Amino acid sequence: MGFTRDEFIRLLTKQSTLKYKREGNLIYFYVANKSVELKLGKETVRTIASLSLPRLSVDFNFSTLTELEQKQLMKQFMLKFNRGGG
């Protein structure tokens, strides 16, 4: 993701749509009485010519969700965390 860890955490705490619990680098989202684990990974910088962009690795574990529940969660997640340009 194109965030620093601090930016991601700040957006997470400001949003009110997704129910979650945070334990360090682990974030548990709650969907349909099930939990989904998101693990924050390494923070790096991606350089394109003279432009430097933050890059945060995130890994989801959707093993408890159906395909429909996963799609619904990701739709909400992307609305809160997707950055656009134009």
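Cut-offs used in this document
Residues numbered from 1 in each chain as written. Predicted model: local features only at pLDDT ≥ 70, side-chain atom pairs only at ≥ 80, totals over all residues. Heavy atoms only, no water. Helix = DSSP H or I, 4+ residues; strand = E, 2+ residues; numbered from the N terminus. Buried < 20%, exposed > 50% of the residue type's maximum accessible area, 1.4 Å probe, protein only. Contact = heavy atoms within 4.5 Å. Patch = residues over 30% accessible without salt bridge, like charges linked within 9 Å, V, L, I, M, F, W, Y side chains within 5 Å. Areas by Shrake-Rupley, 256 points an atom, 1.4 Å probe, with all protein chains shown as cover. Salt bridge = Lys/Arg side-chain N within 4 Å of Asp/Glu carboxyl O. Phe/Tyr/Trp six-rings, centres within 6.5 Å; stacked < 30°, edge-to-face > 60°. Axes fitted to C-alpha atoms, helices over the stretch in contact; angles between N-to-C directions. Parallel < 35°, antiparallel > 145°, perpendicular 65-115°, else oblique. Left-handed = near helix turned anticlockwise from the far one by under 90°.

Caption draft 1: The arrangement of the side chain of Gln-15 in detail. Position of Gln-15 relative to the elements: it lies in the loop between helix H1 (5-14) and strand E1 (20-23). Judged by its relative accessible area of 10%, Gln-15 falls in the buried class. Non-local contacts of Gln-15, meaning those with residues more than four positions away in its chain, are made with Tyr-20 and Lys-80.

Caption draft 2: The arrangement of the side chain of Glu-69 in detail. Tracing the chain through its elements places Glu-69 in helix H2 (residues 67-81). Residue classification places Glu-69 among the buried residues on the basis of a relative accessible area of 14%. When sequence neighbours within four positions are dropped, the list of residues in contact with Glu-69 reads Val-31, Ala-32, Lys-34 and Thr-64.

Caption draft 3: Seen up close, a nonpolar patch on the surface. Together, Ile-48, Leu-51 and Leu-53 make up a nonpolar patch on the protein surface, roughly 240 Å² of accessible area in all. With respect to the helices and strands, the residue Leu-51 is situated in strand E4 (residues 51-61).

Caption draft 4: Molecular detail of the packing of aromatic side chains. Across all of its chains, the model carries seven aromatic pairs by this definition. Each ring, one from Phe-60 and one from Phe-62, has its centre 5.0 Å from the other, and the planes form 10°; the classification is stacked. The partly exposed category is assigned to Phe-60, whose relative accessible area is 24%. Each ring, one from Phe-77 and one from Phe-81, has its centre 4.6 Å from the other, and the planes form 25°; the classification is stacked. Taken together, the positions of Phe-77 and Phe-81, both in helix H2 and four residues apart, correspond to about one turn of that helix. Its relative accessible area of 2% is what places Phe-77 among the buried residues. Members of the aromatic cluster, joined through ring pairs, are Phe-3, Phe-8, Phe-29, Phe-60, Phe-62, Phe-77 and Phe-81.

Caption draft 5: Region of interest: the packing of H1 against H2. Where H1 meets H2, the closest approach of the two axes is 10 Å, and the angle between their N-to-C directions is 115°. With respect to each other, H1 and H2 are oriented roughly perpendicular. At the point where H1 passes H2, the crossing takes the right-handed sense. On H2, the residues that touch Phe-8, Leu-11 and Leu-12 of H1 are Phe-77, Lys-80 and Phe-81.

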